[in-house]
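# Results of the structural survey
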Amino acid sequence: MLRGRERQRVAVDALVDRARVGRGGAIVLHGEAGAGKTALLNAVKGTYDALLCVDVAEIDDELLQLARDVERTRAALVIAAEGSPRGLPGIALDPLDAATSVRVLHDLVPGLPATLAADLADLACGNPLALTELAGSLTSAQLGGIAPAPERLPQSSELRQRWRARFDALSPGARHVVALAAVDEEIDPETLDLAAVAEAGPLFDTRRLVRSALLADVPRALLRHAHATLAETLPPGARRTWHQAVTAHDEQLADALTAHAEHARRCGDFARAARDHDRAASLTTDPEHKAHNLLKAAADHWAHGAPHRARAVLRTATRMTHTPELRALMDLVVGGIDLGESLPDVAADRLIRAARGLAGSRRAMAVAALGFAGEAASIAGDLRRYTAVAEFAQHLREPDEPAVTRLTLDHLTGMLATFEGRHVEALPALRTVVDLADQVPGPQARIWASQAAYVLGDATRSHEMATSAVTAARETGFTALVPWALVYRALSALLLDQHAAALNAATEGVHAATAIGQHNAVVDHLTILALLAALRGDADTALERIDTATEHITQRGLIRPSTFGAWAFACVDLARDRPADALDRLRLNPGHAGIKVMAAPQVVEAAVACGRPSTGDRALQPYEKWAGATGSTARLALSHRCHGLLEPGTADEHFEEAIRLHRASGTALELAKTELLYGNRLRRGRKPKAAREHLRDAVRIFQSYQADHWVDRARAELRAAGDSTEPKDHPGLTPQQAQIARLVAEGATNREVAARLFLSHRTVEHHLRNIFARLGVRSRVELTRRLDD
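Every chain's residues receive numbers from 1 upward, in the order its sequence appears when written. Given that this is a predicted model, residues contribute local features only at a pLDDT of at least 70 and side-chain atom pairs are listed and counted only at 80 or more, while totals for whole chains, interfaces and linings are drawn from all residues. Hydrogens and water molecules were not included; the side-chain quantities draw on all heavy atoms of the structure.

## Comments concerning the state of the cysteines
Here, a disulfide means two cysteine sulfur atoms that sit within 2.5 Å of each other. Going through the model one piece at a time under the given rule, you end up with zero disulfides. Cysteine Cys642 remains unbridged, with the sulfur of Cys571 as its closest cysteine sulfur at 12 Å.

Structural data, given as structure tokens:
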């Protein structure tokens, strides 16, 4: 069935066009109440003066017959319905995704706080009318962060009025199944009276939007009866315990629910653990005990990727306790949430405060808080804060440190030494982190190990650890850590020169982070995608991704991805023969100390091209110190390439050694760039034959990476070196063009392709024109046929 709001209007317009030539028919716009069917129908009425438009809840037999009667006539019938299309051509108006919902809310309420927008989007479940009604119901206290977000639609809501009217018209049996769904979101319709479920229709809905309204509007007696029914009929377990507790008003059952929640945690089912901790808290009257259960629920919500729910729960919990340990644990959870979606410097300070509050009683948790605080300081590019974190961690260190805490402590020690340029001192600590990762269960240890191995230049081990971290995070239900692990999976793949794997990991990371509201991780992945595109010479895509990330970078002070973005932009400048711009972009950016060192090869290339070799030499020194200390073959190859550019007298031996090391490390794309630079130098040194050998090799490698820009540059150098051979036609597509072509062939619109690949509509159109030209096709139909051949 067709999907996507752009297609809805296109399909209606196509129906009208067919009707004009006597091939009319009917089309059904179907979706839940509030999905936007009536708005689209009104838009159609406003466009076409004589068009049959019908807005109904269900399609009855009479309307179905009318739809059949207009087939092959000059009439077009457009039906908006909540129910099934009953075999007629239909377009589903699906719920909006979370990101689109947030954009709608910001359009409705400019300046809406991000956390409040996330809460409202979660409650609305993608329903456009619900978003509008919730936005219109906000009070000044809610907008100012003084009062909590709404927990249900307002009393005056049109949607609630529709649902109340529909509920009042139901039979007693159908009302009962609606009440069952309202009190238990896991109810299985197959265990109920199916005729009553069918009668209940859209009210038999276990989503939060509908359930929250029904819990307020369904008579209390019916809800109590539903709880009692489930308390008697459900098998033993957490759900039955909950309904028994509600029915009997038995606070003692809170402990049983807590036990069920802890079991769910151990099984990696954090969503169920959050539910049962929430329920245990609702049964508890003691404020401290309630706060403790709410804290656990918040931690579970965060772990399984629902940070907005975690914040909402914590807002209630903080008003119930002044116990230092509980307050510190709350700071730890909030700091973890902030790390993914808020200001990293604020997150770092909160996490340091959590560590101080836990150091005396929960030392392992204090060390974990410091690990997160170090990551937050790194994202903020704040070496002063990172130093404070590492020094505090050193103060907590004990002689006989367990593996789980030693790994985190050594990670902080090794990374601080790296950021300060003390690479030889960093080696023992970072190697210990990598070695200990196999002894410590869970994804977090593997993330730290992947980062340590990356710094050490062990790309293979880094990639193994990152891949293991992604797998462990998914297997244990720790969804919150998946985007973070994918950052190092992408970076390690890039260090391995596996650009396709890096592209897949970073793209997956954007989607994973977007799905759970980790905006900072989205930006990390976007800037890595920008760097990947820039290194291939795809300037348009690189700039598009940098532009998408820039607003978030500026708003939240994300210095680490900002520096990645500057690095990518500098690569674009170099590809476009603007070395002065590249040099200024890298040299003047205050940025992240570690990433600025990584970008040194581009600084050297730009500086030499600008006639400022001393600037390049200064940038090379810390890079060379790092590469030499870790012994990374790939980085040593780049170091020799830099020396080849900086030292004309010994250029040949440095370039030859760089080429040898590139081949040894398997970094083919950088090998091609080295051979391009060397070929240019050899040509200008009047050694055209030697230049052509390297330039031909560079062309072949660039072609294998489908790096069109660099293919053209290398061919231009070849022609300048006296090679008159004309290149054969190359019908292949770049990796991004192949992605776009595949999506278009599957039926995606340009806007849908843009959303999937995080590009602008205009960029997709530009690529599609190039795809048509390269493959010799003139339409999407021909493209689909060509790809199917």
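## A word on the packing of helix 12 (residues 220–233) against helix 13 (residues 238–248)
Working note: a packed helix pair is described by the angle between its axes plus the distance between those axes. The axes are straight lines fitted to the C-alpha atoms, using for helices just the contacting stretch, and the angles between their N-to-C directions are given from 0 to 180°. Helix and strand labels come from DSSP, where a helix needs a run of H or I of at least four residues and a strand needs a run of E of at least two; each type is numbered from the N terminus. Running from N to C, helix 12 and helix 13 point in directions that differ by 135 degrees, and their axes come no closer than 8 Å. Considering their axes alone, helix 12 and helix 13 lie oblique with respect to each other. At the point where helix 12 passes helix 13, the crossing takes the left-handed sense. Along its contact with helix 12, which presents His227, Ala228, Leu230, Ala231 and Glu232, the element helix 13 presents Arg240, Trp242, His243, Gln244, Val246 and Thr247. Taken together, the residues of the contact of helix 12 with helix 13 break down into five nonpolar, four polar and two charged. Any angle that is under 35 degrees is reported as roughly parallel, and any over 145 degrees as roughly antiparallel; angles of 65 to 115 degrees are reported as roughly perpendicular and all others as oblique. By convention, the crossing between two helices is left-handed when the near helix turns anticlockwise from the far helix through less than a right angle, and right-handed when the turn is clockwise. Any two residues whose heavy atoms approach within 4.5 Å are treated as being in contact. In this classification, Asp, Glu, Lys and Arg are treated as charged, Ala, Val, Leu, Ile, Met, Phe, Trp, Tyr, Cys and Pro as nonpolar, and every other residue, Gly included, as polar.

## Quick word on the environment of Asp13
Looking at the element boundaries, Asp13 is found in helix 1 (residues 5–20). Relative accessibility thresholds used throughout: buried, under 20% of the residue-type maximum; exposed, over 50%; partly exposed, between the two (1.4 Å probe, protein chains only). Since its relative accessible area comes to 25%, Asp13 is described here as partly exposed. Along the primary structure Asp13 and Val210 are separated by 197 residues, whereas in three dimensions their C-alpha atoms are 33 Å apart.

## Focus: the packing of aromatic side chains
Aromatic rings from Phe, Tyr and Trp, taking only the six-membered ring of Trp, are treated as a pair when their centres fall within 6.5 Å; an angle between ring planes under 30 degrees marks them as stacked, one over 60 as edge-to-face, and anything in between as tilted. Across all of its chains, the model carries ten aromatic pairs by this definition. An angle of 90 degrees between the planes, with centres 5.3 Å apart, marks the rings of Trp448 and Trp484 as edge-to-face. Remark: Trp484 occurs in helix 26 (residues 482–495) and Trp448 occurs in helix 24 (residues 443–456); sequence separation between them is 36 residues. Given the relative accessible area of 10%, Trp484 is considered buried. Both rings, one in Tyr623 and one in Trp626, keep their centres 6.0 Å apart while their planes meet at 90 degrees; by these two values the pair is edge-to-face. On the criterion of helical spacing, the pair formed by Tyr623 and Trp626 is a turn pair, its members being three residues apart in helix 34 (residues 613–630).

## Some remarks on the sheet that holds strand 2 (residues 52–56)
Sheet strands pair by backbone hydrogen bonding; their relative direction is either parallel or antiparallel. In this scheme, strands are said to pair when DSSP sees at least two bridges between them. In spatial order, the strands read 2-3-1-4; together these four strands make up an open sheet with parallel pairing. Strands at the two margins of the open sheet, each flanked by one partner only, are strand 2 and strand 4 (90–92). If you compare each strand with its neighbour and ignore which way they point, the axes differ by 15 degrees on average. Here strand 2 pairs with strand 3 (residues 76–81) via five bridges, running parallel. When the bridges of strand 3 are listed, Val56 appears paired with Ala81. Sheet contacts for helix 3 (residues 61–69): strand 1 (25–30), strand 2 and strand 3; angle to strand 3, the most-contacted strand, approximately 150 degrees.

## Side note on the pattern of salt bridges
We count a salt bridge whenever a side-chain nitrogen from Lys or Arg sits within 4 Å of a carboxyl oxygen from Asp or Glu. Applying the stated criterion across every chain yields a total of 55 salt bridges. Look at the salt bridges and you will find they share partners, linking Arg311, Asp331, Asp338, Glu341, Arg350 and Arg353 into a network.

## Some thoughts on the pairing of strand 3
By the criterion of burial, strand 3 is predominantly enclosed, with six of the six residues buried. Residue alternation in strand 3 divides its side chains into two sets, Ala76, Val78 and Ala80 and Leu77, Ile79 and Ala81, and both sets are buried. With six bridges joining them, strand 1 and strand 3 adopt parallel strand pairing. Bridge assignment links Ile27 to a residue of strand 3, and that residue is Val78.

## Points about the side chain of Lys290
Note that Lys290 resides in helix 16 (residues 287–303). Charged residues are defined narrowly, with Lys and Arg counted positive, Asp and Glu counted negative, and His plus the chain ends left uncounted. Buried charge Lys290 goes without a salt bridge, the closest partner of opposite sign being Glu251 at 8.0 Å. Not counting the four nearest positions on each side in its chain, Lys290 is found in contact with Ala281, Ser282, Thr284 and Met320.

## Let's talk about the side chain of His767
For His767, the location among the structural elements is in helix 42 (residues 761–775). At a separation of 3.4 Å, a polar atom in the side chain of His767 contacts the side chain of Thr541. Those residues in contact with His767 that lie beyond four places of it in its chain are Asp538, Thr541, Gln736, Gln737 and Ile740. Each polar contact in these results corresponds to two N or O atoms within 3.5 Å; when the atoms are within protein, one needs to be able to donate a hydrogen and the other to accept it, and residues that are neighboring in sequence are counted only if both atoms are side-chain atoms.

## A look at helix 29 (residues 539–556)
Expected span of a helix, by definition, is 1.5 Å for each gap between consecutive residues, and there is one gap fewer than residues. Compared with the 26 Å implied by 1.5 Å per residue over 18 residues, the 26 Å span of helix 29 between its first and last C-alpha is a close match. Of all bends in helix 29, the biggest is about 35 degrees, found at Ala549. The set of residues buried in helix 29 consists of Ala539, Thr541, Ala542, Glu544, Arg545, Ile546, Ala549, Ile553 and Arg556. Looking one or two places after helix 29, you find Gly557, whose phi comes out positive at around 65 degrees. Fitting axes to the seven residues that end at a residue and to the seven that start at it, the angle between those axes gives the bend at that residue.

## Some remarks on the environment of His249
Tracing the chain through its elements places His249 in the loop between helix 13 and helix 14 (253–266). As a C-alpha pair, His249 and Ser84 span 165 residues in sequence and 41 Å in three-dimensional space.

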